[in-house]
Amino acid sequence: MPTKAISFCLLPSELIQYIILQLSLPEIIQLKSVNKSIFSIISDGDFIRNYNHQSSSATWLFLYKKRWRREALLYGFADSSNRWFNILICDMFKQVVPPGEDVYFLTANANIFLFALNNTQQLMSLDIMTRVVKNIPPSPLGPRGTSSWRRSGMKLLSCPHCPNHFRFLFAEYHENRPTLFEYNSRVERWEYCWGRDEVVCQDYYLDDEFIFLSASNGRNGSVIIGVVRPYECNTTITTTPLVIRPTFNEQHAEDHRLAVGFSWGNSIDLLHVYGDGNMMTIRSDKVNNNSNKRKIKRIELWGLSRNNGKYWEFASTAPNELIHKISKPYGAMMGCMQKTQGVTRAILMTNLEGTWETIWLSYNNNNNHWAWLQLPDCNMKGSNLAGVTFSSGLTLS
């Protein structure tokens, strides 16, 4: 055993616990193999409860990157950390994923990660703590290609009392009607129900009480399904989902009938990113007249109108000082959003000639404060981005 490991183990157990509690889960897992003493501390029930309580407030960003003829890698970064973690999942997939299959990362929550297979059009769940990989049966819509999944239209919910179970919800049109689909891993069954159009009251904006999923986003407006958040895995959705159809009012309509979801080159100067009933608009300018390179010039945040949800309502503009810090030349951009406990977070992924930049922005609705979380380099040059999402804290079990 290395001398440093022996010295660390000689510290009082309370101090060792305090030090380990400051670490992220991937680091704690590595410590388990140091010796029996540290393994015993990490496996103690009180330590697990303390760590899980502490980690519940952490927000993680996960990136799934692939290189031609090389293994794909899943990277994680916590807002309480200062470095990326490489989560080894390739060995877990080998017994389940057919050779030559293209795997895409859809979403994550706590220890559960959801992937889509492009060739066989299957869904697959992975529990990174138990290392269990399971195939999910096709939804009532049948097998779906990876391009059919919208990040703003799906939500993965892990069970708080049984972390190896989960519920997966997504919104889509079915028989020409906005529909909510739900898979429950406890019963291994899909259910779906049509939504109904209804005027939205202000109560539906209580953080973490309701889920908003995009059934469609277009140049003239969006179709969003709102549903009460289920907290138990052994219950079904008992309330009829609401259908909300926000548009821009006449004053803003012409300015926003442009691009949705992905910006490439000089084709557009306005990008929309959606998530959790919010929308971020990113305006850009050409670097020069003869270049496909662009730079961000303005970012706005919009939400559902408080009185009835019929309109996109302006919330805030990112300050010029922040724009100046993050604005670099790019050729393509994509993004995703999440809102929890009054804080809206967005990830903007930009690419310029094979080099990726990751921009993590947040907006606190309570004090109207914008923030930029600087991220270290993730070494993604030359890689393809095969999935990006926010997630809640990982948990010990």
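Here the structure is shown first, and the text comes after it.
What you see is a predicted model; the values in this text were computed from it and never measured.

Chemist: Summarise the pairing of strand 6 (residues 123-127); cite the residues concerned and give the values.
Modeler: For strand 6, a buried count of 5 out of 5 residues is recorded, marking the element as mostly surrounded by other parts of the structure. Residues of strand 6 alternate between two faces, with Leu-123, Ser-125 and Asp-127 on one and Met-124 and Leu-126 on the opposite face, all of them buried. In terms of strand pairing, strand 5 (residues 112-117) meets strand 6 through 5 bridges, oriented antiparallel. Bridge pairing in strand 6 links Phe-115 to Met-124. Between strand 5 and strand 6, which pair antiparallel in sequence order, lie 5 residues; one of them, Gln-121, sits at a positive phi of approximately 55°. Where strand 6 lies against strand 7 (residues 132-136), 5 bridges are found, and the strand directions are antiparallel. Bridging from a neighbouring strand, Asp-127 pairs with Val-132 of strand 7. Taken together, strand 6 and the strand that follows it, strand 7, pair antiparallel across an intervening segment of 4 residues, in which Arg-131 is found at a positive phi of about 65°.

Chemist: Outline helix 2 (residues 13-21), listing residues and values.
Modeler: Among all positions of helix 2, only Ile-16, Ile-20 and Leu-21 are buried. Buried residues in helix 2, looked at end-on, bunch into an arc of 130°, giving them a common side. Counted as exposed and oriented over 90 degrees from the buried face of helix 2: Glu-14 and Tyr-18.

Chemist: Explain the pairing of strand 2 (residues 73-78) residue by residue, including any values.
Modeler: Of all the 6 residues making up strand 2, 5 are buried; the element is thus mostly covered by neighbouring parts of the structure. Both strand 1 (residues 59-66) and strand 2 contribute to a ladder of 6 bridges, which runs antiparallel. Within strand 2, the residue paired with Leu-61 across the bridge is Phe-77. Relative to strand 3 (residues 85-87), strand 2 is paired through 3 bridges, and the arrangement is antiparallel. Across the sheet, Leu-74 pairs through a bridge with Ile-87, a residue of strand 3.

Chemist: An account of the environment of Glu-357 is needed here, citing residue identities and associated values.
Modeler: In this fold, Glu-357 is placed in strand 23 (residues 355-364). The residues touching Glu-357, leaving out its near neighbours within four places in the chain, are Lys-328, Leu-348, Met-349 and Thr-350.

Chemist: Tell me what's going on with the packing of aromatic side chains, and back it up with residues and numbers.
Modeler: The full count for this structure, using the stated rule, is 25 aromatic pairs. Ring geometry for Phe-93 against Phe-115: centres 5.0 Å apart, planes inclined by 80°, an arrangement best described as edge-to-face. Of this pair, Phe-93 sits in helix 6 (residues 90-93) while Phe-115 sits in strand 5, and the two are 22 residues apart along the sequence. For the pair Phe-93 and Phe-115, one class covers both residues: buried.

Chemist: So what's going on with unusual backbone geometry? Residues and values would help.
Modeler: Residues other than glycine seldom take positive phi values, yet Glu-175 does so here, at roughly 55°. Mapping Glu-175 onto the fold places it in the loop between strand 9 (166-174) and strand 10 (177-184). Non-glycine residue Asn-176 carries a positive phi angle of around 65°. Mapping Asn-176 onto the fold places it in the loop between strand 9 and strand 10.

Chemist: An account of the sheet that holds strand 7 is requested, with residue identities and associated values reported.
Modeler: As summarised here, the arrangement of the 4 strands in space is 4-5-6-7, forming an open sheet in which the pairing is antiparallel. The sheet terminates laterally at strand 4 (103-109) and strand 7, the two strands that pair on one side only. The average angle at which neighbouring strand axes cross in this sheet is 25°, direction not considered.

Procedures and definitions
Residues numbered from 1 in each chain as written. Predicted model: local features only at pLDDT ≥ 70, side-chain atom pairs only at ≥ 80, totals over all residues. Heavy atoms only, no water. Buried < 20%, exposed > 50% of the residue type's maximum accessible area, 1.4 Å probe, protein only. Helix = DSSP H or I, 4+ residues; strand = E, 2+ residues; numbered from the N terminus. Pairing = 2+ DSSP bridges. Arc of directions from axis to C-beta. Contact = heavy atoms within 4.5 Å. Phe/Tyr/Trp six-rings, centres within 6.5 Å; stacked < 30°, edge-to-face > 60°. Axes fitted to C-alpha atoms, helices over the stretch in contact; angles between N-to-C directions.

Purely geometric stuff here, so don't read any function into it on its own.
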